[in-house]
Every structure is written in C-alpha cells, then in structure tokens.
Amino acid sequence: MNHINTKEIKRLIISHNLTIFGRTVFNIFFAVFVWTQTNSLQAIAIYSIALIIGHGISFTSLAGVVNRGRPHIPRLLSLVGSSILYTILFVFKDHISSHLIITGLALGFFNGMYWLSYLFIQFTTTNKQNRGNYNGMIEATRNFVNIIAPIAGGAAIGFNLFNFGYGNIFIIGTISYILSAIIGNVKIEKYNNTPLHYKKTIKAIWAQKDMVKLLASRFFGNLAFKGAFERLLPIFIFDVLNSELELGTWFSVFSILAIVSVWLIGKKIDYKHYKTLFTFGGSIFFLASMSVVGMPLFATYIIYGFARQFFLPMTEIPAKTYRDNLLHTLPDYRNHRVEYIVIREWLYVIMSRIVSYSLLFFVPSLSSIHLQAVLGIMACCILIQILFMRSIKTRLTHI
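Residues numbered from 1 in each chain as written. Predicted model: local features only at pLDDT ≥ 70, side-chain atom pairs only at ≥ 80, totals over all residues. Heavy atoms only, no water.

1. A few points about the pattern of salt bridges
Our working definition: Put simply, a salt bridge is a Lys or Arg side-chain nitrogen that is within 4 Å of an Asp or Glu carboxyl oxygen. Helix numbers and strand numbers start at the N terminus; a helix is a DSSP run of H or I with at least 4 residues, a strand a run of E with at least 2. Three exposure classes are used, based on accessible area relative to the maximum for each residue type with a 1.4 Å probe and protein chains only: buried under 20%, partly exposed in between, and exposed over 50%.
Tallied over the entire structure, the rule returns five salt bridges. Across the pair Arg308 and Glu230 runs a salt bridge whose closest N-O atoms are separated by 3.2 Å. Separated by 78 residues along the polypeptide, Arg308 in helix 14 (residues 298–310) and Glu230 in helix 10 (residues 228–241) bring together distant segments of the chain. Of the residues examined, Arg308 reaches a relative accessible area of 11% and is grouped as buried. With a shortest N-O distance of 3.1 Å, Asp324 and Arg323 are connected by a salt bridge. Comparing Asp324 with Arg323 shows no difference in burial state: the two are buried.

2. Structural notes on helix 17 (residues 369–390)
In an α-helix, one turn spans 3.6 residues; hence positions three or four apart end up facing the same way. Keep this limit in mind: Expected helix span is given by 1.5 Å per residue-to-residue step, counting one fewer step than there are residues. Any two residues having at least one pair of non-hydrogen atoms within 4.5 Å are treated as being in contact.
Taking 1.5 Å as the rise per residue, helix 17 with 22 residues should run 32 Å; its terminal C-alpha atoms sit 33 Å apart, in good agreement. Every buried residue belonging to helix 17 is among Leu371, Val374, Leu375, Gly376, Met378, Ala379, Cys381, Ile382, Gln385, Ile386 and Met389, and all of these are buried. In this fold, the buried residues of helix 17 make contact with helix 9 (209–225), helix 10, helix 13 (274–294), helix 15 (313–325) and helix 16 (337–358).

3. Digging into the packing of aromatic side chains
The test is simple: Side-chain rings of Phe, Tyr and Trp (the six-membered ring for Trp) are treated as a pair once their centres are within 6.5 Å; stacked means planes under 30 degrees apart, edge-to-face means over 60, and tilted covers the remaining angles. Counted as over-ring charges are cases with an Arg CZ or a Lys NZ within 6 Å of the ring centre that also lie within 35 degrees of the ring normal.
Evaluated as defined, the whole model comprises 29 aromatic pairs. Taking 6.1 Å as the distance between ring centres and 35° as the angle between the ring planes, the aromatic pair formed by Phe30 and Phe33 counts as tilted. In this pair, Phe30 and Phe33 are both assigned in helix 1 (residues 7–38), three residues apart and thus about one turn of the helix distant. Take Phe33: its relative accessible area is 7%, and that puts it in the buried class. Residue Phe30 is classed as buried on the basis of its relative accessible area of 1%. Clustering of aromatic rings is evident, with ring pairs tying together Phe26, Phe30, Phe33, Tyr47, Tyr86, Tyr166, Phe170 and Tyr177. Directly above the ring of Tyr348 sits Arg218, whose terminal nitrogen or CZ lies 5.3 Å from the centroid.

4. Focus on the packing of helix 1 against helix 10
The following threshold applies: Axis lines are fitted through C-alpha atoms, for helices just across the contact stretch, and the angle between N-to-C directions can take any value from 0 to 180 degrees. Note on terminology: angles under 35 degrees are roughly parallel, angles over 145 are roughly antiparallel, angles of 65 to 115 are roughly perpendicular, and the others are oblique. A crossing counts as left-handed when the near helix is turned anticlockwise from the far one by less than a right angle, and as right-handed when that turn is clockwise.
Their axes nearest at 9 Å, the elements helix 1 and helix 10 cross at an angle of 60°. Comparing the axis directions of helix 1 and helix 10 gives the class oblique. Crossing of helix 1 over helix 10 shows right-handed handedness. Mapping the contact onto sequence places Asn27, Ile28, Ala31, Val32, Trp35 and Thr36 in helix 1 and Arg231, Pro234, Ile235, Phe238 and Asp239 in helix 10.

5. Overview of the side chain of Ser255
Along the chain, Ser255 falls in helix 11 (residues 244–256). Ignoring any residue separated from it by four or fewer positions in sequence, one finds Ser255 in contact with Asn143, Asn146, Ile147 and Gln309.

6. Structural notes on the nonpolar core
A general tendency of soluble globular proteins is for nonpolar side chains to be buried together. Where we set the bar: By nonpolar core we mean a set of buried residues, namely Ala, Val, Leu, Ile, Met, Phe, Trp, Tyr and Cys, connected to one another through side-chain atoms within 4.5 Å.
By size, the foremost hydrophobic cluster in this structure holds 128 residues, and its most contacted members are Phe30, Phe170 and Leu375. The greatest single-element share of this core, amounting to 15 residues, is contributed by helix 1. Ignoring anything within four residues of it in the chain, the contact list for Phe30 reads Tyr47, Ile96, Thr103, Ile169 and Phe170.

7. Considerations on the environment of Lys209
Tracing the chain through its elements places Lys209 in helix 9. Residue Lys209 is classed as partly exposed on the basis of its relative accessible area of 42%. Put simply, Lys209 and Ser289 are 80 residues apart on the chain and 30 Å apart in space, counted from C-alpha to C-alpha.

8. Details of the environment of Arg337
Within the fold, Arg337 resides in helix 16. On a C-alpha basis, the gap between Arg337 and Gln208 in space is 15 Å, while along the polypeptide they are 129 residues apart.

9. Concerning the packing of helix 1 against helix 5 (residues 100–125)
Where helix 1 meets helix 5, the axes come as close as 12 Å, and the angle between the chain directions of the two elements is 160°. The angle between the axes of helix 1 and helix 5 places the two elements in the roughly antiparallel class. Crossing hand, helix 1 versus helix 5: left-handed. Note on element contacts: helix 5 touches helix 1 through Leu100, Thr103, Leu107, Asn111, Tyr114, Trp115, Tyr118, Ile121, Gln122 and Thr125, opposite Ile9, Leu12, His16, Thr19, Ile20, Arg23, Phe26, Phe30 and Val34.

Everything listed is a geometric property; what it means functionally is a separate question.
Here you go:
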C-alpha cells in the first residue's frame with residue numbers, strides 16, 4: 001500500500017525537513033553573501049566546486065561505515081560537525097570570501113556525510129509501494145519549509161536581528177541541525193552486507209539498461225536545474241531588489257501554491273501515469289527556463305521561480321521513485337544498496353554539478369551574453385532528461 005504508517009518514517013520526514021530548513025536559509029543567502037563580497041561569478045563557481053568535491057570525498061570514504069550497518073554515524077557526525085563549522089564561520093564571517101575553497105570543502109564534507117546516511121535510511125525504511133507517497137510527502141513538507149525558511153532568513157538579515165546581519169544564517173542553521181539530530185535518531189532494520197564491491201555493482205547496473213538510462217536522465221537533469229542555475233537564481237533576484245527581506249519573501253511565495261500539488265502527485269497519482277507527468281512537468285519547466293534565457297528580466301526570474309516549485313516536483317517525484325525501485329531489479333539487490341547510492345551520487349550529483357558550475361568560468365558578469373548561452377545549454381539538458389526517462393521500458397507497477 002502507498003501509505004506512510006510508521007513512526008520511524010514520520011520522524012525521518014520531520015528530521016529531514018529541519019535539516020532542509022537550515023540548509024535552505026544557508027544556501028539562498030550564503031550565495032548572495034559571497035556575491036556581495038566578491039561581485040564575481042567565478043568566486044561562486046570556485047566555492048560551489050569545492051563544496052561538491054568535499055561532498056564526494058566524505059560520501060565515498062564513509063560508505064564502508066554505512067555498509068557495516070551503522071548508517072546513523074555519518075548523519076550524526078554531519079549534523080554535529082556542521083553546527084560546529086557554522087559557529088566557526090559565524091565568528092570569522094568577514095574573512096570567508098578570502099577562504100572560499102577551504103570553506104566549500106569543509107561544508108561539502110559534512111554535507112556528503114548527511115546525504116549518504118539519509119539516502120540509505122530512507123531506502124531501508126520505505127518500500128516499493130509507499131515510495132511514491134513518501135517522495136510526495138517529502139516534496140510537500142519541503143515546500144512548507146520553503147515558505148517559512150527564506151522569509152525567516154531574509155527577515156533576520158534584513159532587520160539585522162541581534163546586530164548579526166548575515167551571521168544569522170549560521171545561527172539558524174546550527175539550531176536546525178541540533179534539533180534534526182535529536183528527532184531523527186530512528187531505529188532501522190538490522191542487516192549484514194557483503195564487503196563493498198563497486199566493480200560488481202557497476203557490471204550489474206550496466207547489464208540493466210533501464211538503470212543506465214535512469215542515471216543518464218538524472219545526470220542531465222541535475223546539470224539543468226541543480227547546479228549553477230539553482231545557485232544563480234537568488235543572485236539574479238537580489239541584483240534587482242537589493243534587499244534580503246524581499247528576496248526571502250519571493251522565495252517563500254514561490255512555494256505557497258506547490259504544497260497541495262506535490263502532495264497530490266505523491267499520494268493520488270498512480271505509478272502508471274508517472275512518465276506522462278514527468279514529460280508534462282519537464283516540458284513546462286523547460287519553457288520557464290528558456291524564458292530566463294531569452295528575456296533575463298525580473299518578471300522571467302519570478303516565472304522561473306514559480307515553475308521551479310510547481311512543475312519541477314512533477315519530474316522529481318517520478319524520477320526519485322524510479323531511482324529507488326529500479327534497484328529491486330538487480331539480483332540480490334540488498335548487497336548492492338550502498339554501492340548503488342555511491343555510484344549514482346558520483347555520476348548524477350557530483351559530476352553533473354561540477355560540469356554545471358565550471359560553465360560559470362566562461363561568464364564575466366551577469367550582463368554578459370555568455371551567461372545566456374550557458375543558461376541555454378542547461379535548459380536544453382531538461383529535454384535530454386525527458387528523452388532518457390521516456391525510453392525506460394520497466395514499469396513501476398511491475399517491479
């Protein structure tokens with residue numbers, strides 16, 4: 001049944017959204033903070049690439065800990081370590097722009113720990129039948145968080161709460177992570193995995209062509225909307241408004257209409273309609289992305305922001321459900337779980353975002369025509385993502 005009915009899953013959703021709350025505030029306003037300090041897209045690229053490299057290092061190096069049946073350890077280390085790091089950054093915030101590489105590596109290292117643990121725990125506490133509902137609930141509750149977090153961060157900075165200015169994003173993040181660590185300490189099934197065997201898993205994935213198509217689809221999708229495009233949106237809007245409070249307000253408004261729709265997608269839309277939903281949502285999102293490319297104006301930034309919150313979940317919920325359920329098609333899939341998570345992370349998260357951020361090195365300024373070319377390349381990747389997803393022959397209802 002497509003139901004969420006265990007305390008562990010509910011606590012996991014609450015804990016994850018507390019983490020997302022702190023991370024949303026940080027991601028939106030830290031990019032703007034770096035921009036105000038440097039006025040350089042290359043600086044944004046350097047920080048972002050360092051972040052994703054640090055993410056990859058911890059995600060890979062701690063996979064053995066998760067594989068040995070201790071998935072909570074990286075998660076707790078991440079939340080505690082991030083809280084300590086945020087405190088350090090709060091104290092030395094005036095010097096961050098001179099140390100973007102080490103800052104990005106450190107933040108990415110703790111970020112990778114969290115996602116390694118979360119993705120594994122999420123897989124083991126859900127099943128083939130309720131993952132659509134789970135992913136829908138995650139998207140819906142994340143949109144609720146996205147209503148509150150941006151305006152809360154913008155207000156804290158705009159009103160200069162406690163005279164901390166941008167330092168408030170580190171305080172908010174620290175509190176959110178500590179609460180997440182406490183609430184999300186759930187029990188999961190006991191299991192015994194074989195030693196890590198990436199070559200064996202790669203061969204198994206390569207033999208299952210639909211999994212290869214899925215990974216290719218996710219690579220181009222992440223390149224399109226999870227890398228530079230996502231990082232630049234708050235900078236685009238802030239460059240026009242020059243107000244953190246108004247920026248946060250707009251990001252909150254983007255999410256208001258999305259909550260009910262993404263819940264309905266996960267709860268009410270049957271698996272057999274997921275490809276059609278993916279194609280529709282992806283096509284509309286492509287048009288919204290191209291509006292920014294063709295007419296980089298405040299109005300198109302707002303259109304893109306709404307489309308990102310409303311139509312992007314129509315691709316993300318089906319893609320994430322395929323991502324997890326296709327693993328069940330591998331022989332002895334339980335002994336490929338950790339390896340699969342690491343392999344897909346390197347392919348369609350780390351590699352795709354490095355490519356995406358690297359394109360910013362060719363953009364001298366926000367007014368450069370090179371920026372439109374770079375954004376156009378990313379937007380076209382949405383169409384490639386759709387083509388790969390539609391070529392998958394396995395039906396979710398038959399897994």
